[in-house]
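As a plain string of letters, each chain reads:
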Amino acid sequence: MCDEDEQSCTQVGTDKTDSQLSLLDLPIEIFFHICSFLDASTLIHGLSLTCKRFHQILNDNSLWKVRISQILPNTGYPVLPPAEDDELFWKLSCVALEKQTSLWKEENSMEKFTLNNIHYSTIDGLLLMQASTNGQICISGARDRSLVCWRLPTRENERETTTCIDFAHDGWIWDLTAIGDTVYSCSWDQTVKAWMLNSTGLVLCDTYEMARSCALLCVASCPSSGLFATGSFCKIIFLFDPRSGSRPIASYRPHKSAVIRLAMSSHFVLSASEDRTVSIWDQRAGKTMKNVTISQETFPMSICMKSDVVYVGDGSAKLHVLDPKNDFEPVRCYTTDHKKGINGVHLAPGCLITSSMDETVRISSPTDPPQHLTILKSDYGEIASTDYLNDVLAVSGTEGIEIWRPRLRNEYV
């Protein structure tokens, strides 16, 4: 009798175990509802790797398109069609949009601190870099002719450390760019100087003098090709390959007025000028491809080029979109809430950043049209320069720099 009871109990226990449901047994609608409570990063980098079934469900692009439309309703994303062969586009876009929306909309998600008491004039050159061993670095060049390397605070070192090169140039320093650990600074003294970043700061390693005597107003680089270009007050653009010496490998004059901004890729050099145009130089053909008139009333002040889209900010606070896949034709024009010209524009995964001479920085979504996320006010007057790297934003004005970055991030440790 006892054996029969034991066998009966065992059978009942087995039945109960077999009748338990798992996530795999849930209707797809309930599974999606559960997913709605998890962030996109957890779904993609965690749940989708659990089993083939979850991977198949979460591999459907329509899921991520719907999720993006819920994050940013009444907008179109992306502004221009993505590459057809990019299988990860919608997933990674959703992760980036959720992350940036959370960072800039949630209170106290970002920390702010200032870098000052070194420069005593307007800081026109600003560059963020990621050092391999020492965390985030900010390089600044100013009209006082000094070049400063700031190592941003970490958990171990709560205060920034600085090294300053007085009189790095004989004229105002206007712009900065980098290829690897080499920083390039351009100046009104008609030179570009190359500085090697090491554990102690910046060390001068080369000086590039132009074939024509002319003040230099901007510099840009393409790390993948190892080239950099500089634009001048006398309307000429010089292209350099540091591996082939200090003389330019090409020079051309695409504008009727001063060249004030440059953007560069492995195939093109884009230049913005006071003649109200953006010029496209085809590096493979070695000639100007075309000039695009941005506006009849004002001139382009800032430019940002990515592989699939170009943003141009102008003096009337409008933001223009050019399509690289369609010969850089203008395809969109947005009126922003800035009160003065847009002198800085940065497109990063999940956000669009514009800075203005009205002393504000606006963080928006990279959608059609851009959707406002937050506004930042400069404490150093009219904004001279901005840079953005790895969720860190740097903004410079007269005598000081402001840094915004996520709180308690492991990258800064």
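Preceding block: the structure.
Definitions and cut-offs
- Residues numbered from 1 in each chain as written.
- Predicted model: local features only at pLDDT ≥ 70, side-chain atom pairs only at ≥ 80, totals over all residues.
- Heavy atoms only, no water.
- Patch = residues over 30% accessible without salt bridge, like charges linked within 9 Å, V, L, I, M, F, W, Y side chains within 5 Å.
- Areas by Shrake-Rupley, 256 points an atom, 1.4 Å probe, with all protein chains shown as cover.
- Salt bridge = Lys/Arg side-chain N within 4 Å of Asp/Glu carboxyl O.
- Helix = DSSP H or I, 4+ residues; strand = E, 2+ residues; numbered from the N terminus.
- Buried < 20%, exposed > 50% of the residue type's maximum accessible area, 1.4 Å probe, protein only.
- Pairing = 2+ DSSP bridges.
- Axes fitted to C-alpha atoms, helices over the stretch in contact; angles between N-to-C directions.
- Phe/Tyr/Trp six-rings, centres within 6.5 Å; stacked < 30°, edge-to-face > 60°.
- Parallel < 35°, antiparallel > 145°, perpendicular 65-115°, else oblique.
- Left-handed = near helix turned anticlockwise from the far one by under 90°.
- Contact = heavy atoms within 4.5 Å.
- Nonpolar A, V, L, I, M, F, W, Y, C, P; charged D, E, K, R; others polar.
- Disulfide = S-S within 2.5 Å.

Peer 1: Please explain a nonpolar patch on the surface as it appears in this structure.
Peer 2: On the surface, a nonpolar cluster with roughly 230 Å² of combined accessible area is contributed by Leu23, Ile30 and Ile34. Following the sequence through the fold, Ile30 ends up in helix H2 (residues 28-35). The class for Ile30 is partly exposed, based on a relative accessible area of 40%.

Peer 1: Could you clarify how one ought to interpret the sheet that holds strand E27 (residues 392-396) in this entry?
Peer 2: Across a sheet, strands are paired by hydrogen bonds formed along the backbone, either parallel or antiparallel in direction. Within the open sheet, the 4 strands sit side by side as E1-E28-E27-E26. Their pairing is antiparallel. Looking along the sheet, the strands with just one partner apiece sit at the ends: strand E1 (110-115) and strand E26 (385-389). Ignoring which end each strand starts from, the neighbouring axes of this sheet average 15° apart. Note that E27 and strand E28 (residues 401-406) share 4 bridges and pair antiparallel. If you follow Leu393 over to E28, its bridge partner there is Trp404.

Peer 1: Would you explain the packing of aromatic side chains in this entry?
Peer 2: Each pair of aromatic rings is reported with the distance of its centres and the angle of its planes. Across all of its chains, the model carries 15 aromatic pairs by this definition. When the centroid spacing of 6.3 Å and the interplanar angle of 50° are considered together, the rings of Phe31 and Phe32 count as tilted. With a centroid separation of 5.7 Å and 65° between ring planes, the pair formed by Trp172 and Trp174 is classed as edge-to-face. Residue Trp172 is classed as partly exposed on the basis of its relative accessible area, which comes to 38%. Under the relative-accessibility criterion, Trp174 is labelled buried at 18%. Taken together through their ring pairs, the aromatic side chains of Trp172, Trp174, Trp188 and Phe233 make up a single cluster.

Peer 1: Would you mind showing me how to read the packing of helix H5 (residues 61-71) against helix H6 (residues 89-105) here?
Peer 2: For any two helices packed against each other, the geometry is given by the interaxial angle and the distance between the axes. Where H5 contacts H6, the axes come no closer than 9 Å and their chain directions differ by 20°. On the basis of the axis angle, H5 is roughly parallel to H6. For the pair H5 and H6, the sense of crossing is left-handed. Listed contacts from H6 to Asn61, Trp64, Lys65, Arg67, Ile68 and Ile71 of H5 are Trp90, Lys91, Ser93, Cys94, Leu97, Glu98 and Thr101. When grouped by side-chain class, the residues that make up the contact of H5 with H6 number 6 nonpolar, 3 polar and 4 charged.

Peer 1: Is there a simple way to explain the state of the cysteines in this structure?
Peer 2: Where two cysteines share a covalent bond between their sulfur atoms, that bond is called a disulfide. Across all of its chains, the model carries 1 disulfide by this definition. No disulfide involves Cys186; its nearest neighbouring cysteine sulfur is the one of Cys218, lying 6.4 Å away. No disulfide involves Cys333; its sulfur sits 17 Å from that of Cys304, the nearest cysteine. Looking at Cys333, the relative accessible area reads 43%, which means it is partly exposed.

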